[in-house]
Amino acid sequence: MNEILFSNEVIVYLLSETIIYGLLFLSFIVSLGILKSWNYENFNQKQFILENRSYLVESILFFTLILKVFLLPYFVYTIDNLSLLIPGAMCGAGVIEANSYGNPLLILKMIILFLSGLWFSINRLDLQKKSYPYLTIKLWLFVAIFFLLSIEYSLDIAYFTHIATETPVTCCSVLFSQVGGANGLPLGLTLAKLVWLFYLVYILLMLSIFLEKILLSVFTSALFAFIAYYAVVYFFGTYVYQLPTHNCPFCMLQSYYYYVGYLIWGLLFFSVYLIFNYGVMSYFFKTNFQKNKAMILSLLTAFVFVCSAYVILYYVRNGVFL
Amino acid sequence: MNVITIENMHKIYHENSTEEFEVLKNINLVVKKNEMVIVSGVSGSGKSTLLSLVAALEKPSSGKIIVLEELVSKLPDIHASKYRAKHIGIIFQNFNLLESLSVETNVMAPLIHSGLTFSQIEEKVQYSMKLASIEHKATQEIRLLSGGEKQRCAIARALVHNPELILCDEPTANLDKENTLKFISLLETLQELGKTIVIATHDPLFDTLTCVSRVIKMENGRIL
Amino acid sequence: MLNNAFLHFLTRMLYHQKNKHIGAILISILVIFLLSAVLFLSTSLQTRVQKTLKGQSDFTISRIQAGNSISIPYHWVDKVGALNGIESVVPRVHGRYFFTPKGKSFLIVGVDFFDEQNNKLLKSIVGTLDLKVFLKQDSMLVGSGVSTFLKQHYFKNTFTFKTPNGTFKEVHIAKVLSSKSNLFTNDMIVMPMHLAQEIFGMMENEITDITFNVPNDAEWDTVIEKIYLMFYDVRVVDKREIQKAYESLYNYKGGLFLVLFLVVIFTFILILYQRYSMVYSTERKEIGILRAIGWSINDILKLKFYENIMIVFVSFFWGVVLAYGYVFFLDAPFLSSIFLGEANLKNHVHFLPVIPFGLLGSIFLFYAVPFLAAVLIPAWKIAVTPPKEAML
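To keep things clear, this report deals only with the structure shown in the data block. (Residues numbered from 1 in each chain as written. Chains lettered and ligands numbered in written order. Predicted model: local features only at pLDDT ≥ 70, side-chain atom pairs only at ≥ 80, totals over all residues. Heavy atoms only, no water.)

**Details of the packing of aromatic side chains**
Residue and element names in this part refer to chain A.
Line of reasoning, step 1. This model, assessed by the stated rule, comprises 69 aromatic pairs over all chains.
Line of reasoning, step 2. With a centroid separation of 6.0 Å and 90° between ring planes, the pair formed by F224 and F303 is classed as edge-to-face. Linking F224 in helix α9 (residues 214–241) with F303 in helix α11 (residues 290–318), this pair joins segments that are 79 residues apart in sequence. An identical accessibility class is assigned to F224 and F303; each is buried.
Line of reasoning, step 3. Centroid distance Y230 to Y234: 6.3 Å. Interplanar angle 10°. Geometry classified as stacked. Placement of both Y230 and Y234 in helix α9 is noted, with a separation of four residues, approximately one turn of the helix.
Line of reasoning, step 4. Its relative accessible area of 18% is what places Y230 among the buried residues.
Line of reasoning, step 5. Residue class for Y234 comes out buried when judged on its relative accessible area of 5%.
Line of reasoning, step 6. Within the aromatic cluster, the residues linked to one another by ring pairs are F198, Y199, Y202, F224, F235, F236, Y239, F303 and Y314. (Phe/Tyr/Trp six-rings, centres within 6.5 Å; stacked < 30°, edge-to-face > 60°. Helix = DSSP H or I, 4+ residues; strand = E, 2+ residues; numbered from the N terminus. Buried < 20%, exposed > 50% of the residue type's maximum accessible area, 1.4 Å probe, protein only.)

Now the structure itself:
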């Protein structure tokens, strides 16, 4: 455990998380104070102070969210580096599986980013109006996010303090393998069906966004994220690694593959986030996201393009598919 | 058209404490477009506070303030700032310029967040400095200017965004006779340009000007 | 949003208020300099060590009694060589010779100069020798640290070893090893095996350990098992273990430093918080003026944020550049002795620039996060001051 905690990246990461959590805790206390006494109709000094304090919450959240957006890839980079210290691990996949905290931690981080982004959309809307109509909603949302953040921070500590450097972990080639009859694909799909489904759901998603069918877009995007994850790991990834048996979501984040993993996962994550955000804001807050439509459509297409490009280039160079 | 409408407005400092002090009591006031209104009274009569409330720099304890059809008495900061940046030009008693920066940069300051391009802003800055006759000192730092020059810079800054309403708080308190007369002449020009002007001052010189629409006397926080 | 006018205004303000920020910038540069220098050093060393380890033989067998190393009979070499899958079995004689008057020691490596060397480093050393001249008399190759030490003690061309048998052995210094390999060879002496045996009082058929290679990775574990079955008192160390140990060591040293540095960082945060609370209070009037002429609280916060980001980037840039020069051009005086250990002979190592991009990211985060966190609350405090109050 000591070697892990003395790794440079882990120290930097945990320091950043601690500072962020400290600031967010302060924000949490301030938010509770605001929620208790907020009354927009009041003309007194107390109300004025509360309005000022809401700016503190906003500033802290702005700073910490920006940081968290950088810390997520940094976290992935950290665990990738840790693979040098842990026997059996060739990339981050093995390190994440080193204990039971890894995967929930990673998923929780993504959920927090989604919800924090939503917070900012609501905040922007709230500030556009003249009577802070959504202040209580956004502060309660922050309280909920803070609850998740507390779990995240505890998981961070638990995860890094429970990585054994003596016990070998399974490498991605075993974790994600399809050899020996093991099928990592969901719902009993074959690879061909998965790829077809990938492109079909992509088209459906593009259409639903273009036609501004909100609920359909949100549900389709969740489905697309699910399918896309498996498609990238079991199909497109093999073209990145140029090896039909190399199925791994983490290896493509390494310098050997020009860090393309960050691009692929980043595009997918960001486009799904925007759809989620657009869905919630349109449905509950009746906002119109015309201008975001173009961005969402281009990001989705960019993601599909990058994935497909590897396949096409491979075929062009070698005349066959894997 | 009413530019300013104030109804039953009270302002109390340090409410619910031993230092509680009602600085403005039951103010009712209407200012029409293109008027030049003088708010006169001794120090402590509440003139400056009245102006800062109209500018949404402070919020009243009760009552309504409507300026250019906007209810400014309860605006959140973002909207209050936008409102000031768009509609109000303020000239302070102590000029309140950014001493370490140049005249140009000071005059530019209200337009930084207006959404205009740099060249558009420069154009407006040049025009405003010309109007206030300070363009020859554009690159000079404020702390090297004389009192009259600082005043003109403050005027240029107050006019750069072409506000409909101009508020002046004791504008001639730190000026000599010559600069005071220059200032008055500028005010007359502004009135001709269609601006509405409210001046808080205890300088008796203003009471007798022909361009002045009316004089409002204040005492102990009340309008007499 | 971030238009030219804003940048213009920001740079003007920063320029005219540079004195206020100079203190913070200088401390920041110092903090980053220290941090970067240590991390550059350790990364460079680590890379070098790992590279060199790659050129080592895969396995080393040593014999243990009561936890101490004892000598191995020479005929074991053939026994080991007979195993399947094993190649390039090389016997080694090495140990520490203590120059007792001063307590310093030399690492003596006895080599069969006619044999194929398993170790890349030794290979390159031996490869450059004119063996005929070298083996004419009792000669040795010494590392630069040894050479300097001997010269200081008036040993010019030869050195006389005291053997455990009470006899003296004079050995001629044939050549000084290149300082390029100082990291490993600084206190090293390379000599013919029989000489080393004589100096350590060992018999001709005694060696200290056996090294060998196993080309097929899959067979490593089986080979280790076989060796343990063959001999009951040996220890087999494989290259992977050594690599991991070094990785851990540098990780540990670097990490330990960072942990101690955390104290510096927290002090840094406190100093910044104090300083900027003060600085911003002198800016109260200016902020009040900006608020009065139409800047919102968010606009002020944006101004402060970008101001601080610029300070962060400037400090980061200079801190890293200075550290780079200090480590890779000046060879890190003072700091290198902490990493290399000056307990034995003084070592002068030239460090090769190795800077993975992630390292710069880590340094940036380690500095920027505490910095921005420290100035956030003072910035907010000043942004929300009522303009009227601020202008008084």
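**Digging into the sheet that holds strand β6 (residues 88–91) of chain B**
All names here are of chain B.
Line of reasoning, step 1. Read across the open sheet, the six strands follow the order β6-β7-β8-β3-β9-β10; overall the sheet is mixed. Edge positions in the sheet fall to β6 and β10 (222–223), since each has one partner strand and no second.
Line of reasoning, step 2. Here strand β9 (residues 214–219) runs beside β10; their pairing, made up of two bridges, is antiparallel. Bridge assignment links E219 to a residue of β10, and that residue is R222.
Line of reasoning, step 3. The strands that helix α2 (residues 77–87) touches are β6 and β7 (165–169); relative to β6, the one it contacts most, it runs at about 80°.
Line of reasoning, step 4. Of the strands in this sheet, β3 (36–40), β6, β7 and β8 (196–201) are in contact with helix α6 (residues 177–192), which crosses β8 at around 150°. (Pairing = 2+ DSSP bridges. Contact = heavy atoms within 4.5 Å. Axes fitted to C-alpha atoms, helices over the stretch in contact; angles between N-to-C directions.)

**Digging into the interface of chain A and chain C**
Many authors give the size of an interface as the accessible area that is lost as the parts come together.
Line of reasoning, step 1. Facing 31 residues of chain A, the contacting portion of chain C comprises 33 residues.
Line of reasoning, step 2. For the pair chain A and chain C, the summed buried area comes to about 2,800 Å², and 75% of that belongs to carbon and sulfur atoms.
Line of reasoning, step 3. Where chain A meets chain C, there are zero salt bridges.
Line of reasoning, step 4. If you look at where chain A meets chain C, you find two residue pairs in polar contact (both at pLDDT 80 or more). (Buried area = accessible area lost by both parts, 1.4 Å probe. Salt bridge = Lys/Arg side-chain N within 4 Å of Asp/Glu carboxyl O. Polar contact = N/O pair within 3.5 Å; in protein donor to acceptor, adjacent residues only side chain to side chain.)

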